[in-house]
Amino acid sequence: MRKLFVTFIAILVCFGGCKFNSSTSDNKTKEASVYVTAEEKETDVMSQESERSSKRDENVKYFWKDGNIFSIKITYAMDGEENFLKSKGYAKIHKERDYNNGTIYQVIVNSDDENIKDRSMAYFYVEDEKIFAISSYDNSDEIDSNNLQLVYQKKNIEQDDGKGLRYSIMDERNIVKFNLDIYLVETNYFHQMEWGKWRNINLYKTGYGAGRDLFQVEFIEKDNSYSIENQEILVKDFLLEIPQINYLSNENKEQKLNGILVNTVKRQLDRLSSGGRFHTFEYSIETKTNTKLSILFTYDYYDRKTAHPCISAFAVNLDLEAEKIISLDAYKERIKLFEQKAFSHVTKRKTSLKNDGGVLEDKSIDELLDDMDNNSFYFANNKIGIIFEVPYACGGYSIYEEKE
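Residues numbered from 1 in each chain as written. Predicted model: local features only at pLDDT ≥ 70, side-chain atom pairs only at ≥ 80, totals over all residues. Heavy atoms only, no water.

S.K.: How should I be thinking about the environment of Leu-234 in this particular structure?
M.R.: Here Leu-234 shows up in strand β13 (residues 226-235). On the accessibility criterion, Leu-234 (53% relative accessible area) is exposed. Measuring from C-alpha to C-alpha, the distance between Leu-234 and Lys-266 comes to 8.7 Å, with 32 residues separating the pair along the chain. Those residues in contact with Leu-234 that lie beyond four places of it in its chain are Leu-239 and Lys-266. (Helix = DSSP H or I, 4+ residues; strand = E, 2+ residues; numbered from the N terminus. Buried < 20%, exposed > 50% of the residue type's maximum accessible area, 1.4 Å probe, protein only. Contact = heavy atoms within 4.5 Å.)

Structure below.
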C-alpha cells in the first residue's frame, strides 16, 4: 500500500486557507473599560491555563494517552489488487513527545489477519483546541509548519480553490468531520477523518477514486483486556507477592482496582499477631474474565508465642465493571443449596485434610452463612467455592465447590 497522505500534503501547502494560525482575526482583544491589576490578570491567566490543562487531561484519559489500545475494523486493498480485504485488529496510541503547547502522538495499527503489522497510520500534534496531522515526522526539535495539516477544530471550514481541491472541517452535533479531496484529476485522491466528542478518532480513511489503495480504520472501542502481574506489598515486616491488575488502556481503573485488592489483602492479614513469620503465602487465579476477577489466597503463619501455626485461606472477588468488591449477599440463596449436598469438598493444597472437624455437621447453613463474609467465597469459572475455618488439626480451613 502506498503512503498516500505524504504524497499530497505538499499540494495543501499551496492552497490558501488550508493552513491556519492558532489565532484568527475575530479573536482580537478589545480595550477593557475596567481597570485590572497585574495580580488579578496573572490569577486570571493561571485560572484559564488550569482550566485548559484540566480539559486536555480529561480528553487524554479517554483517547490520547500513551499505551491506550482500541479495537478496530480495517478495510484495505493490497498493492495492485482491486478487491478489498477486511479484518479486525487493534490500534495503539504511542506518545512521541511533548511539543510546544501540545503533544505528538503516533497511531500504530495491526490487523488480526497479520497483513498489517505495526503500520504507522499517522502522526498527530494534539493541542487543547486543535489537532494537526504531521505529514513527515523525524523527531527533530522543530517541525516544519509546512508538514502540519489542521484536521480537527470546532470552528467550521469549507473551501474549494476551484481548481480541483476541496477542504472542509465540519462540526455536526459533536461529531467533527474532516474531508480533503482532489476531484479534477484522474487519481481523485481523498483523505477523510471523523472525530468524536473527546477528540477521539472514530474513522480514518484515505485512498483514490473507486477505492484504489483504500486504507480505512474504524475505531470500535477501548480494549478492556488486562494482564496479571506480580507485585510485592509489605505485611508484618514481610514482602508478600500478590497479583497486580495491568490494564492496557485504563490507568485510572487499574489504580482503583489494585488499591482495593491491596487494602483487602492487608485487612485480612492484620488480624495476625506481630513477631511471627510466613512459612507460605500463595495465590491462585480462580476466574479471570473482562468483568470478573476471583483470587484465592492461602497461607501458613508461624508465631512462637502461639501453640500452633495459623493456616488459613480467603478470597478477593472483584467486579471489574463496577470497580468494587463482589458482595456475598447476592449469592447467599445459591450457597444455601449446600445444605442439599450441591457442594463437594475440594482439596486446594497438599496439607489440607478432607475432614472438616465436624464444623459443617454441627451448624446449619444459615449459621455458616452468618460466619461468612465477602472474602469467604470465590468463583471457579461458573461454580462457587466456599471457605470455612476448621480446627488446626483438620487443616485450618476447608473448601467446598459446587458440583458440575
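S.K.: Help me out: how do you make sense of the packing of aromatic side chains in this one?
M.R.: Where two aromatic rings form a pair, the distance of their centres and the angle of their planes describe that pair. Scanning the entire structure with this criterion turns up 26 aromatic pairs. Taking 6.0 Å as the distance between ring centres and 25 degrees as the angle between the ring planes, the aromatic pair formed by Tyr-125 and Phe-132 counts as stacked. With a centroid separation of 5.1 Å and 70 degrees between ring planes, the pair formed by Tyr-331 and Phe-379 is classed as edge-to-face. Of the two residues, Tyr-331 sits in the loop between β18 (324-325) and α4 (332-335) while Phe-379 sits in strand β20 (residues 377-380), which places them 48 residues apart along the sequence. Across the pair, exposure class does not vary: Tyr-331 and Phe-379 are buried alike. Note that Arg-166 overlies the ring of Tyr-183, its terminal NZ or CZ placed 4.0 Å from the centroid. The ring of Tyr-226 carries Lys-288 above its face, with NZ or CZ at 4.3 Å from the centroid. (Phe/Tyr/Trp six-rings, centres within 6.5 Å; stacked < 30°, edge-to-face > 60°. Lys NZ or Arg CZ within 6 Å of the ring centre and 35° of its normal.)

On their own, these measurements won't tell you what the molecule is for.
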